[in-house]
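The residues making up each chain are set out below.
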Amino acid sequence: TEDTEICEGEEATLTATGADSYTWQPGGQTGATIKVSPTSTTTYTVTGVSNTATCPGNPTAEAIVKVGKKPIVTASDLTICKGEKAILVGDVTGGGSTGNWIGGAGQFNPNRATIKAVYTPTAAEETAGTVNLTLESEDPAGPCVKDSKAITITIVPAVTSNAGPDQTICEGATVTLAGQFGGAATGGSWSGGTGTYAPANTDPNAVYTPSAAEVLAGKVTLKFTVTNGSNATCPGGMDQMNIFIDKMPGYF
């Protein structure tokens, strides 16, 4: 018999010569050639039987099947906001413990060989909106091969909010608001003030009617806050504007 080496989950073929029949242990298989799939390194003993009187006895031999462990690589896709850095999420277990990141033109901190590195995308990658990386394990000794896992980093444009310029009106007048949103934002809403919004405060260009108290105070500050829809990666942005209210001549 001869020793052999396999990767876990694979099958080894053992062959014995020199006798007329054979019994293998562990397992109790018979025959000159058998197939085995041990989960860990195992020593197999084969006992031969001769059918001739010339060579009596039951000789034995041993074969060691060495089992190597596969490296197992796991890694997760990520979504970040434009301008942010990606904290890579990955691991190498099983028959491996180290790995290397492949792909990407950005910067790995401290280096590509750090599994949980921090990745800074390039400007081109931010413009493209995605970057593809692959975490690959080291090549293990023995029959097992390296493992790898590909991931995608999705880069969402930053949320922007603009409430528009401050405005000055005369008492009794209304204000047409001019809220704007951009990037990953999907809409916005107005808040602040005790007046009314028409048709609703969720209209960026709503018409605002100041309340009597605001007319008396001569000023009101409104806030325009944008939302980012189903993507919570980029926080909502907020901007504000002032409405100054001049009183009519002869107002006491």
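See the structure shown above.
All of these numbers come straight from a predicted model, not from anything done at the bench.

Asks: So what about the sheet that holds strand S18 (residues 175–176)? Which residues, and what values?
Replies: Picture the strands of a sheet paired through backbone hydrogen bonds; they go either parallel or antiparallel. Within the open sheet, the three strands sit side by side as S18-S22-S21. Their pairing is antiparallel. Every interior strand has two partners, whereas the edge strands, S18 and strand S21 (196–198), have only one. Relative to strand S22 (residues 207–209), S18 runs antiparallel, the two being bridged by two bridges. The residue of S22 that forms the bridge with Thr176 is Val207.

Asks: Which residues make up the packing of aromatic side chains, and what values do they have?
Replies: Applying the stated rule across the entire model yields three aromatic pairs. Relative to Tyr119, the ring of Phe108 has its centre 4.8 Å away and its plane inclined at 55 degrees; by these criteria the two rings are tilted. With a gap of eleven residues between them, Phe108 in strand S12 (residues 107–109) and Tyr119 in strand S13 (residues 118–120) connect regions that are remote in the sequence. An identical accessibility class is assigned to Phe108 and Tyr119; each is buried. Measuring from ring centre to ring centre gives 4.9 Å for Tyr197 and Tyr208, while their planes differ by 55 degrees; the resulting arrangement is tilted. A residue pair is termed long-range when its members are at least 10 positions apart, and Tyr197 in strand S21 and Tyr208 in strand S22 qualify at eleven residues. Of the two residues, Tyr197 and Tyr208, both sit in the buried class.

The rules behind the values
Residues numbered from 1 in each chain as written. Predicted model: local features only at pLDDT ≥ 70, side-chain atom pairs only at ≥ 80, totals over all residues. Heavy atoms only, no water. Pairing = 2+ DSSP bridges. Helix = DSSP H or I, 4+ residues; strand = E, 2+ residues; numbered from the N terminus. Phe/Tyr/Trp six-rings, centres within 6.5 Å; stacked < 30°, edge-to-face > 60°. Buried < 20%, exposed > 50% of the residue type's maximum accessible area, 1.4 Å probe, protein only.

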